[in-house]
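Each chain is listed here by its residues.
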Amino acid sequence: MGLLSGMMGNASKLDPRAAAQEFGRLLSQGEQIHAAYQLVRDSFLFTDRRLILVDKQGMTGKKVEYHSIPYKAITQFSVETAGHFDLDAELKIWVSSSDAPISKQFGKGVDVYEVQALLAAFVR
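Residues numbered from 1 in each chain as written. Predicted model: local features only at pLDDT ≥ 70, side-chain atom pairs only at ≥ 80, totals over all residues. Heavy atoms only, no water.

A. Looking closely at the environment of Ser 28. Positionally, Ser 28 belongs in the loop between helix H2 (16-23) and strand S2 (33-39). Residues Ser 28 and Arg 49, 21 residues apart in the sequence, show an inter-C-alpha distance of 9.3 Å. With near-sequence residues (within four places) excluded, Ser 28 lies in contact with Arg 49 and Arg 50. (Helix = DSSP H or I, 4+ residues; strand = E, 2+ residues; numbered from the N terminus. Contact = heavy atoms within 4.5 Å.)

Written out as structure tokens, the structure reads:
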């Protein structure tokens, strides 16, 4: 279901150690990845300092945007669980500099309560 879920726009969970190896150059000294999710080519990482959105662009994916959102910039967030007929759960994050939320979809196997708990722990 991983590839099919990704093609439908749903993120799946990654091992934080594997994500740290792949994205280690993005991290500041002492920064740790607590959770990571992948959406086909794109990823998003919850570190102890910020949320990092990784957007691979173009056909080859060689051009990559790394969008760092300090937790202090997050003004609110919401999670919507998957229902009986829904295949996905949704996370919405509002950032102080934007009116529209950043929205990410998770596959049914991802624990959105864990995602919510991570944000609740880091957003102050």
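Okay, back to it.
B. Highlighting helix H3 (residues 112-122). Of the positions making up H3, those classed as buried are Val 112, Val 115, Leu 118, Leu 119 and Phe 122. The buried side chains of H3 occupy one side of the element, clustering within an arc of 115° when seen end-on. Packing partners of the buried residues in H3 comprise S2, strand S3 (42-47), strand S6 (74-80), strand S7 (88-95) and strand S8 (102-107). With a side-chain oxygen lying 3.0 Å from the backbone nitrogen of Tyr 113, the N-terminal cap of H3 falls on Asp 111. (Buried < 20%, exposed > 50% of the residue type's maximum accessible area, 1.4 Å probe, protein only. Arc of directions from axis to C-beta. Polar contact = N/O pair within 3.5 Å; in protein donor to acceptor, adjacent residues only side chain to side chain.)

C. Highlighting the pairing of strand S4 (residues 50-57). Relative to S4, S3 runs antiparallel, the two sharing four bridges. When the sheet's bridge partners are listed, Phe 44 is paired in S4 with Leu 53. Counting the residues in the hairpin turn of S3 and S4 gives two residues. Where S4 lies against strand S5 (residues 63-70), eight bridges are found, and the strand directions are antiparallel. Within the sheet, the bridge partner assigned to Leu 51 lies in S5 and is Ile 69. The antiparallel pairing of S4 with S5 creates a hairpin that spans five residues between the two strands, and Gly 58 there sits at a positive phi of about 75°. (Pairing = 2+ DSSP bridges.)

D. Local environment of the pattern of salt bridges. Scanning all chains against the criterion turns up three salt bridges. Residues Lys 13 and Glu 114 are paired through a salt bridge, measuring 2.5 Å at the closest nitrogen-oxygen approach. Placement of the pair is Lys 13 in strand S1 (residues 10-14) and Glu 114 in helix H3, with a sequence separation of 101 residues. Linking Asp 15 and Arg 17 is a salt bridge whose minimum nitrogen-to-oxygen distance equals 3.6 Å. (Salt bridge = Lys/Arg side-chain N within 4 Å of Asp/Glu carboxyl O.)

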